[in-house]
Amino acid sequence: MLFVTGGAGFIGSNFVLDWLAQSDEPVLNLDALTYAGNLGNLRSLEGDEGHIFVHGSIADGALVERLLADYRPRAIVNFAAESHVDRSIHGPADFIDTNIVGTFRLLEAARAYWSGGSKDDSFRFLHISTDEVFGTLDADDEAFHEETQYQPNSPYSASKAASDHLVRAYHHTYGLPVLTTNCSNNYGPFHFPEKLIPLVINNALLGRPLPLYGDGQQIRDWLYVKDHCSALRRVLQSGVPGRTYNVGGWNERTNLDVVQSICDLLDELKPRDDGQSYRGQITFVTDRPGHDRRYAIDARRIESELGWRPSETFESGIRKTVGWYLDNAEWVRNVTSGSYRNWLEKQYA
Ligand code: NAD
Ligand code: TYD
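Residues numbered from 1 in each chain as written. Chains lettered and ligands numbered in written order. Predicted model: local features only at pLDDT ≥ 70, side-chain atom pairs only at ≥ 80, totals over all residues. Heavy atoms only, no water.

Caption draft 1: Quick peek at the overall build of the chain. Looking only at helices and strands, one finds 12 helices and 12 strands in the chain. Its C-alpha radius of gyration of 20 Å places the chain within 12% of the 20 Å reference for a compact globule of 349 residues. Taking the intrachain contacts of the chain between residues at least 6 apart in sequence as the baseline, contacts between residues at least 24 apart amount to 82%. On the chain, roughly 14,700 Å² of surface is accessible, and the fraction owed to carbon and sulfur atoms is 47%. Distance between charge centroids for the chain: 1 Å, based on 33 positive and 47 negative side chains. (Helix = DSSP H or I, 4+ residues; strand = E, 2+ residues; numbered from the N terminus. Rg over C-alpha atoms; globule rule 2.2 N^0.38 Å. Contact = heavy atoms within 4.5 Å. Areas by Shrake-Rupley, 256 points an atom, 1.4 Å probe, with all protein chains shown as cover. Lys, Arg positive; Asp, Glu negative; His and termini not counted. Charge placed at Lys NZ, Arg CZ, Asp CG, Glu CD.)

Caption draft 2: Here's a closer look at the packing of aromatic side chains. Tallied over the entire structure, the rule returns 19 aromatic pairs. Three or more aromatic residues joined by ring pairs make a cluster, and in this case those are Phe134, Phe144, Tyr150 and Tyr295. Cation over ring: Arg87 sits above Trp343, and NZ or CZ is 4.5 Å from the ring centre. (Phe/Tyr/Trp six-rings, centres within 6.5 Å; stacked < 30°, edge-to-face > 60°. Lys NZ or Arg CZ within 6 Å of the ring centre and 35° of its normal.)

Caption draft 3: A look at the site of ligand 2. As a structural note, the neighbourhood of ligand 2 is formed by 18 residues, with Glu132, Arg220, Arg288, His291 and Tyr348 the closest of them. Take Asn255: an N or O atom from its side chain is 2.9 Å from an oxygen atom of ligand 2. Coverage of ligand 2 by the protein chains reaches 98% of its 510 Å² of free accessible surface. Broken down by element, the residue count for the shell around ligand 2 peaks at three residues, all from strand β8 (residues 210–213). A class-by-class count of the residues in the shell around ligand 2 yields eight nonpolar, five polar and five charged. (Near = heavy atom within 4 Å. Polar contact = N/O pair within 3.5 Å; in protein donor to acceptor, adjacent residues only side chain to side chain. Nonpolar A, V, L, I, M, F, W, Y, C, P; charged D, E, K, R; others polar.)

Caption draft 4: View of the packing of helix α6 (residues 196–205) against helix α8 (residues 255–269). Remark: α6 packs on α8, axes separated minimally by 10 Å, with the N-to-C direction vectors making an angle of 40 degrees. The angle between α6 and α8 places the two elements in the oblique class. The crossing of α6 and α8 is right-handed. Counting all contacts with α6, which are made through Leu196, Ile197, Val200, Ile201, Ala204 and Leu205, the residues of α8 involved are Asn255, Val258, Val259, Ile262 and Leu266. Among the residues making up the contact of α6 with α8, the classes are represented as 10 nonpolar, one polar and no charged. (Axes fitted to C-alpha atoms, helices over the stretch in contact; angles between N-to-C directions. Parallel < 35°, antiparallel > 145°, perpendicular 65-115°, else oblique. Left-handed = near helix turned anticlockwise from the far one by under 90°.)

Have a look at this one:
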């Protein structure tokens, strides 16, 4: 059995769905169901005995210990986190509580479980992290590699960096068989529409402005979420405990390019009633404080050591993603209710 945390969020739910589609091994899914967690992502698993959902927090040590004792998983895959940079700027406290303290409590429970199980070498604690811990790059800097110094710039990335350090320390000090992945920006189905790509698709269809922070020339590396899931499966299977793996799509794009690509796809797939391009809705707004200029991932380690490659290009992945949002208007309506509107008012006032 796998013990997945945060499996009702964007990447976690894609991981659970993909896992159960290709394996008979069941999944225990612990999720606190914050604003970002949504059981609707897992509706297709209703009645599937391979999926056991538990509502609760990774910071609840007693609960996690009980779950580990009851289900005896062979691995923990930790997605649970507060994940949105802009929210971390408005209110960092939840990021400290979940990303740092929560990961610490999960590690403590994992350590007790693993020690009690004669320190089984085959146990794995896979921690899902981000490229944002490395800080920001200039246009001509080399991409982040696994030995790049951590220089987190936002409360979000600082809290993820702290959790990565704890995971590392539990290997170095106690020998816990940990694996950490640092991935670039994901996109795809079930992406909560506070993040750039789903926000822009949703706003475009509603005739609202498409907000680009600052000059829109910031660069991110984009990876289709299913490719991230396949990388995680590969790391879980063959990664060397104590090692970290950068995961990326070799798809650096400026935010303006990304938004224009979405507009062009919508012009093709769902043209505006007035025949004008969605590009006309692009609006430049006040920049994010401390906004990182560029992220880029050097993914050669996972490619050469574990033989993983992404299967989607940005062009194929973004086409699938726009198509998914067009086909899943009800999912979007369900997640963009009360608290979501409050967030938009606060962030884009
Ligand atoms: P998300 O915000 O969509 O989902 C997070 C999930 O964790 C939600 O289901 C939420 O309910 C749950 N959660 C929050 N606090 C919890 C707690 N205390 N206990 C249990 N569950 C809790 O995030 P995501 O985009 O799916 O990201 C998942 C992980 O991947 C995060 O650790 C994030 O840092 C990392 N990551 C994300 C990206 C990206 O582009 N989205 C890129 C690289 C790494
Ligand atoms: P986001 O999806 O929040 O991911 P992250 O900050 O973790 O990279 O943002 C992606 C990029 O898009 C980032 O440079 C910020 C920018 N952005 C906008 O320009 N406008 C927006 O409304 C949002 C949400 C993000």
